[in-house]
Amino acid sequence: MKKSRETWGSNLGFILAATGSAIGLGNIWKFPYITGDYGGGAFVLVYLGCVLMIGLPLMVSELIIGRRAQKNPVKAFEKNHRAKSPWQSVGWLGMASGFLILSFYSVIAGWAMAFIFKSIKGFAGTPDQIQQQFVDLVVSPSDSIMWHTIFMVLVIAIVAGGIKGGIERWSKILMPTLFLLLLGLMFHGLFNTDGGMAALNFLFQPDFSRLTAEAVLSALGHAFFTLSLGMGAMITYGSYMKKDTGIVRDAILISFLDTFIALMAGVAIFSLVFHYGMEPGQSVGLIFKTLPVLFADTGPWVSVPFFVLLTFAALTSAISLLEVVVVYFIDEKGWSRIKTTLVAGILVYLFGILSAVASFTMPFRGSDQGFLDIFDFITTNYMLPVGGLLTCLYIGWVMKEKDIAEEFGSRGLPFQMLRLALRYLTPIGIALVLLHGLELLPFMEY
Ligand code: TRP
């Protein structure tokens, strides 16, 4: 007998799980640091434009594709089209992206866990000494690998627990707590430090002279990364959705919450950066270097919860990455969930060691770089946008209009607008940004 497919326990459960996938290191670690690196306001504006014009239509699309097919991403593209459809390769690309992203994501999440314990001990000394702790952690292979190991064990355990009992149950507790804590940190930054105004100016006053081609590409890539798009995660989560919920409303809510959290984190962190007169462009180390300097004043009551929740936010995202890889083998090969999760998880883990050891480097884009940065750059800026581009070409030009309309819920003006966006606006937008990032646009000067 064929077991019926698992579904979410409730729509709230779905929203929290999908928001949990979207909100993660991308919002709290990555968004502030790339905003710092690319110079602030103008980058933020391009990023917001990408979320609205590319991210939101794509999130709706992925949920529609998933719920229509009730299948894993590889099979979903086939089922909504025809057997042996070449579009299933979009699903394969997604699985590859998920595998690669999780392998380095876990290393960063491991740093977050390490900082829980550093917080308990407390941060003391001069700002330079405090910031050195992060450097020490990153260059120590044994520490980085140990935390990467612990994090992957947690991810595997939750994914092995399934949809309702594992992913949904945990998201329901963790996400609301994270929100409250960030709210507190943001108010602290705005009203208790001298950096609040400077942070708002930095984030919201665009200076377009600082906007490079790479910055535009990264803004697009980040819109994909932060909304968990372009690799089938939302197709997978959509496939567990019940038929009677409004996809558009849910997608708007998820995108809004995700963006809001990133901006909150940005305000909280840059207030401190400016309060202490630090440099905004500190790359991957930004939150692990700046925040501890503040935490030396506030004590463990603030720092421990912060890093605990950062770890949790990373967990709810990491499980969605692993789920995409796992669900294919459960659906198609009939493997048990536990066995599949273990095998896939261990492979990701082993591969992640490349990213965990900072001294493993390779020439990439003109300099020697660590694998973590290389994998991050390739997946975020190329693999996810390509996956997204193909997904919207698929739903815009291949999938039956009747099927889409049924999942969308109406054929009125919003539906027509979405159709138009997915056929022209979104794919052209992604293609332009990709070409621009490769410095291949004929009418631009590089
Ligand atoms: N969105 C998560 C974050 O911002 C990361 C993530 C989870 C992700 N699932 C994904 C990124 C799928 C791309 C695709 O931290």
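Our subject is the structure that appears above.
It should be emphasised that the depicted structure is a prediction, and the values quoted were computed from it without experimental measurement. (Residues numbered from 1 in each chain as written. Predicted model: local features only at pLDDT ≥ 70, side-chain atom pairs only at ≥ 80, totals over all residues. Heavy atoms only, no water.)

Turning next to a nonpolar patch on the surface. A cluster of nonpolar side chains, contributed by L52, M53, W397, L420, Y424, L425, I428, L432, F443, M444 and Y446, occupies part of the molecular surface with about 1,200 Å² of accessible area. Secondary-structure elements contributing two or more residues to the nonpolar patch are α3 (41–69) and α18 (413–437). Of all the elements, α18 adds the most residues to the nonpolar patch, at 5 residues. Mapped onto the elements, Y446 comes out in the segment after α18. Of the residues examined, Y446 reaches a relative accessible area of 42% and is grouped as partly exposed. (Patch = residues over 30% accessible without salt bridge, like charges linked within 9 Å, V, L, I, M, F, W, Y side chains within 5 Å. Areas by Shrake-Rupley, 256 points an atom, 1.4 Å probe, with all protein chains shown as cover. Salt bridge = Lys/Arg side-chain N within 4 Å of Asp/Glu carboxyl O. Helix = DSSP H or I, 4+ residues; strand = E, 2+ residues; numbered from the N terminus. Buried < 20%, exposed > 50% of the residue type's maximum accessible area, 1.4 Å probe, protein only.)

With that settled, the discussion passes to the site of the ligand. Looking at the ligand, there are 17 residues lining it, with A22, G26, Y105, F225 and S320 nearest. Here an oxygen atom of the ligand and a side-chain polar atom of N27 are 3.5 Å apart. Within the side chain of S320, one N or O atom sits 3.0 Å away from a nitrogen atom of the ligand. Protein coverage of the free-state accessible area of the ligand, which is 360 Å², stands at 100%. (Near = heavy atom within 4 Å. Polar contact = N/O pair within 3.5 Å; in protein donor to acceptor, adjacent residues only side chain to side chain.)

Looking now at empty space enclosed by the protein. Applying the stated criterion across every chain, the model contains 2 cavities of 30 Å³ or more. Considering only enclosed or pocket space, the largest cavity measures out at about 140 Å³ in volume. Along the wall of the largest cavity there are 17 residues; nearest its centre are S21, I101, F225, S228 and L321. Mapped by element, the contributors of at least two residues to the lining of the largest cavity are α1 (11–22), α2 (25–37), α5 (88–121), α10 (213–226) and α14 (300–333). Ranked by residues supplied to the lining of the largest cavity, first place goes to α14 with 3 residues. Taken together, the residues that form the lining of the largest cavity break down as 9 nonpolar, 8 polar and no charged. Each pocket or cavity is described by its volume, and for the second largest cavity that value is around 50 Å³. (1 Å grid on protein atoms, 1.4 Å probe; cavity = no way out; pocket = protein on both sides within 12 Å on 5 of 7 lines; lining within 4 Å. Points joined across faces, edges and corners; volume = space filled by probe spheres on them. Nonpolar A, V, L, I, M, F, W, Y, C, P; charged D, E, K, R; others polar.)

Right, let's get into the environment of I346. Turning to its location among the elements, I346 is positioned in helix α15 (residues 337–356). Considering only alpha carbons, one finds I346 and T149, 197 residues apart in sequence, at a separation of 9.6 Å.

Moving on: the packing of α2 against helix α13 (residues 286–298). Each packed pair of helices is defined by two parameters, the angle between the axes and the distance between the axes. Where α2 contacts α13, the two axes come as close as 9 Å, and the packing angle between them is 100°. When the interaxial angle is binned, α2 and α13 end up roughly perpendicular. Every residue of α13 that contacts α2 at I28, W29, P32 and Y33 is listed here: L286, I287 and F288. (Axes fitted to C-alpha atoms, helices over the stretch in contact; angles between N-to-C directions. Parallel < 35°, antiparallel > 145°, perpendicular 65-115°, else oblique. Contact = heavy atoms within 4.5 Å.)

In the structure shown here, the tally under the stated rule is 15 salt bridges. A salt bridge links R68 to D403; its shortest N-O distance comes to 3.4 Å. Highlighted residues: R68 in helix α3 and D403 in helix α17 (residues 401–408), separated in sequence by 335 residues. Here R68 and D403 have matching classes, each one buried. For R68, the salt bridge identified is with E406, shortest N-O distance 3.1 Å. Highlighted residues: R68 in helix α3 and E406 in helix α17, separated in sequence by 338 residues. Through salt bridges with shared partners, a single ionic network connects R67, R68, K243, K402, D403, E406 and E407.

Taking 1.5 Å of rise per residue, 25 residues should cover 36 Å, and α18 covers 34 Å from first to last C-alpha, within 8% of that figure. Residue A421 marks the point of greatest curvature in α18, where the axis turns by about 50°. E439 sits one or two residues past α18 and shows a positive phi near 55°. (Expected span 1.5 Å × (residues − 1). Bend = angle between axes of the 7 residues up to and from the residue.)

Right, let's get into the pairing of strand β1 (residues 361–364). Across a regular strand the side chains alternate sides, sitting on one face of the sheet and then on the other. Note: β1 against strand β2 (residues 367–370), 4 bridges, orientation antiparallel. Pairing of M362 across the sheet is with Q369, part of β2. Hairpin connection between β1 and β2: a loop of 2 residues separates the two successive antiparallel strands, and R365 in this loop has a positive phi of roughly 45°. (Pairing = 2+ DSSP bridges.)

Among the nonpolar cores identified, the biggest contains 149 residues, and F14, W111, F288 and I430 are the most heavily contacted of them. Beyond its immediate stretch of four places on either side in the chain, F14 contacts W8, L63, Y237, M241, D250 and I254. (Core = buried A, V, L, I, M, F, W, Y, C linked by side-chain atoms within 4.5 Å.)

Below, the discussion takes up the packing of α5 against helix α7 (residues 141–160). Close contact between α5 and α7 brings their axes to 7 Å; oriented N to C, the two are set at 105°. Considered as vectors, α5 and α7 are oriented roughly perpendicular to each other. For the pair formed by α5 and α7, the contact residues are L102, S103, S106, V107, A109, G110, W111, M113, A114 and F117 on the first element and S144, W147, H148, I150, F151, M152 and L154 on the second. For the contact of α5 with α7, the per-class residue count stands at 12 nonpolar, 5 polar and no charged.

Further remarks concern the packing of aromatic side chains. In total, this model carries 34 aromatic pairs according to the counting rule given. With centroids separated by 5.5 Å and ring planes inclined at 65°, the aromatic side chains of F202 and F274 adopt a geometry described as edge-to-face. Here F274 lies in helix α12 (residues 247–275) and F202 lies in helix α9 (residues 196–204), a separation of 72 residues in the sequence. Among the aromatic side chains, those forming a connected cluster through ring pairs are W111, F115, F123, F134, F288, F295, F306 and F307. (Phe/Tyr/Trp six-rings, centres within 6.5 Å; stacked < 30°, edge-to-face > 60°.)

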